[in-house]
Amino acid sequence: MCGIIARIGADDGVDRLLGGLERLEYRGYDSAGIAVENGAGLAVQKCSGRVGDLVDSVEDSGVYGGIGIGHTRWSTHGPPTDDNAHPHTGATGEVAVVHNGVIENHAELRDELRDAGHEFTSDTDTEVIPHLFERHLADNDPEEAFRQAVRDLDGSYAIAAMVEGEDAVFAARQGSPLVLGVDDDEYFLASDVPAFLEHTDEVVYFEDDDVGVIRPDDVELSTLDGEAVERSSEVVSWDPDETGKGGYDHYMRKEIENQHVSLANGIEGRVSEEGEEPDLDEFPAGTFSGVERVQFVACGTSFHAAKYGTQLLNKAGVAAQAFRASEYDGSIPVDSDTLVVAVTQSGETADTLAALDRARRASARTVAVTNVMGSTAARTADDALFIRAGPEIGVAATKTFSSQVVALSLLSHRVSLDAAEEGPWDDPAAYYDALEALPNHVESVLDFETAEEVADRFLGSDAFFFIGRGLAYPVAIEGALKFKEITYEHAEGFAAGELKHGPLALVTPRTPVFTVVTGDDDETTVTNAQEAGTRGAPIVAVSPSDHKITDVADAHLPVPDTHPDLVGLLANVQLQLLSYHTADKLGRAIDKPRNLAKSVTVE
Ligand code: M6R
């Protein structure tokens, strides 16, 4: 959690620091701050609230400087107050530090430093770092002092630090993302590329244990033990325009509306010429021969996408299960015949990375399905499949869910052909025809204007339920997650058949039941919806127009008729729009819902 940035250049870089923080706000937005060096010492400016509040206070103060660090916070240790905002300084103010991660031994370090006379002004785990740095500065040059301070830490961190009078930023990484941006006459450090993408697309990803000393004209990378390391630079293919709102009121709306583009990118060149099987550069035919079972590990929306992959594999006769990564503990049997697929948009979710580590320790073969090149998951897993969705800034995952589903359908087909010599479909060409048409079908969903009307009609309901069966089930639980996440209303997703085993007790005329059907094997789902309808619940069908569910429904969110295994993706777009419009009508902070951050880097 949290976003960190540093800018290292000769001319004033405060605007670039603040711009970077605005682009990192999706990682945390309860307090923010910067520290800059301008030849007259370190100037620190920080406050609770959004980056916008920081921008106002920086403008009032006139602070400037060429070398600086910044932070936008999602609280873990201590509430979002001015004192707990980063950067943190030591006792003398000659050191300033921003940090993303969790220092696990902070309490012991704090006691030790207190015994040595250090006084603390915040509740954060981070504050020990500048104090340690300062203590080691007494006997060492700044680089060695920084290295020693970092050696004192246990836990996860991406750190950027400054020392008064030094024209350098000192950086270290262990378990939290950190990427260097290389421009002609300046450098950036950040938790994520969008922070500086408008200035440069040339990046160098820090590895765990890397320490960097970045000056306006030079970068030195070494291990924590001081051995020099070489890291090659890469060019990021994301378009800087993709990281802006592009005229939309919210990133989420833009990302929903642009998902036909991300889907087209995710499919392009990945289907065989005959249109009957996947053609993945990463995984040629035969790659997965010998795989006996597949386990998906993922959280939140990515878990819902993983459930889709599971069902396709099961249909093809391959044993597959999806696990919530935080529940993937030592009790789950995993061995070298197991393929473990970590599904993670950011590639930095701590629970998913921990599950991936567990799989690797058990000698499983691992694949990361992720959106972020250079992310920890992409670098940790044996192989990576990129979903090519482009940057997603809204905290609520939208376009990345549909891109994950597409990538997982291609991967699942490859795995099942290799491992079981059959695929999930009797007529694969029909599936691939529908897949090629998917971006156009998504555009048609956007042309329907019913989601806003339905949002209006059910505003003020007591609760919102979402049901579906088979491949519609992941869509139902994803619809409910999206709804609760951005509207703050009570929403639950259920397997349609489960409704009568308990949740039906919650159903009243004030609880609409959104029923997702795919056009295949839906009789029972229609009956389940009717069971809720006869208890007075309004039924909202999310289905193709001529589907029989519409006969029993009170309202309808239509989707184009297509292959039954892809209808759910279109239904999901309708549910994204429903959540969006409801949240908008309720005046919610759509892109930055309360208490949430996009990338959850703590377990
Ligand atoms: O980056 P990841 O896909 O690993 O993130 C997993 C979840 O934290 C994420 O999907 C979360 O549930 C979203 N905010 C949902 O919209």
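Above this text you will find the structure in question.
Each chain has its residues counted from 1, following the order in which its sequence is written. In view of the model being predicted, local features appear only for residues whose pLDDT reaches at least 70, and side-chain atom pairs are presented and counted only at 80 or more, with totals across whole chains, interfaces and linings using the full set of residues. Note that water and hydrogens are dropped before the side-chain values are worked out from all heavy atoms of the structure.

A. A look at the packing of helix α8 (residues 300–315) against helix α11 (residues 399–420). To obtain an axis, a line is fitted to C-alpha atoms, over the contacting stretch when the element is a helix, and the angle between two such axes runs from 0 to 180 degrees between their N-to-C directions. Here a strand is any run of E in DSSP of at least two residues, a helix any run of H or I of at least four, and the numbering for each starts at the N terminus. Relative to each other, α8 and α11 sit at 30°, their axes nearing to 9 Å. Our classification of the angle between α8 and α11 gives roughly parallel. α11 is crossed by α8, and the crossing has right-handed handedness. The residues of α11 that touch α8, namely those facing T301, S302, H304, A305, A306, Y308, G309, L312 and L313, are F401, Q404, V405, L408, S409, S412, V415 and S416. Class assignment of the residues belonging to the contact of α8 with α11 gives a composition of 9 nonpolar, 8 polar and no charged. Orientation categories follow fixed angle ranges, with anything under 35 degrees roughly parallel, anything over 145 roughly antiparallel, 65 to 115 roughly perpendicular, and all other angles oblique. Whether a crossing is left-handed or right-handed is set by the direction in which the near helix is turned from the far one by less than a right angle, anticlockwise for left-handed and clockwise for right-handed. A contact between two residues is defined here by any heavy atoms of the two lying within 4.5 Å. When residue character is reported, Ala, Val, Leu, Ile, Met, Phe, Trp, Tyr, Cys and Pro are called nonpolar, Asp, Glu, Lys and Arg charged, and the others, Gly included, polar.

B. Broad picture of the sheet that holds strand β3 (residues 42–48). At least two DSSP bridges between two strands are needed for those strands to be called paired. Here we have 8 strands laid out as an open sheet, ordered β3-β2-β4-β1-β10-β9-β11-β14, and antiparallel in their pairing. A strand with exactly one partner marks an edge of an open sheet, and here the two such strands are β3 and β14 (234–235). As judged from the 4 bridges shared by strand β9 (residues 179–182) and strand β10 (residues 186–190), these two strands associate in the antiparallel manner. Its bridge partner lying in β10, L180 is registered against L189. Each of β1 (3–9), β2 (31–37), β4 (67–73) and β10 touches helix α1 (residues 14–24); the most contacted strand, β1, lies at about 160° to it. In the packing of helix α2 (residues 51–61) onto the sheet, the strands contacted are β2, β3 and β4, and the crossing angle to β3 comes to about 140°.

C. Representation of the pairing of strand β20 (residues 464–468) within the structure. Here β20 lies mainly inside the structure; 5 of its 5 residues are buried. Partly exposed describes any residue whose relative accessible area lies between the buried limit of under 20% and the exposed limit of over 50%, with all areas from a 1.4 Å probe on protein chains only and scaled to the type maximum. Burial along β20 is two-sided: F464, F466 and G468 facing one way and F465 and I467 facing the other are all buried. The crossover handedness rule: strands pointing away from the viewer, path from first strand over the helix to second strand clockwise, crossover right-handed. Assessed by its sense of winding, the connection that carries the chain from β20 through helix α14 (residues 472–487) to strand β21 (residues 491–495) is right-handed. Relative to strand β22 (residues 513–516), β20 runs parallel, the two being bridged by 4 bridges. Bridge assignment links G468 to a residue of β22, and that residue is V516.

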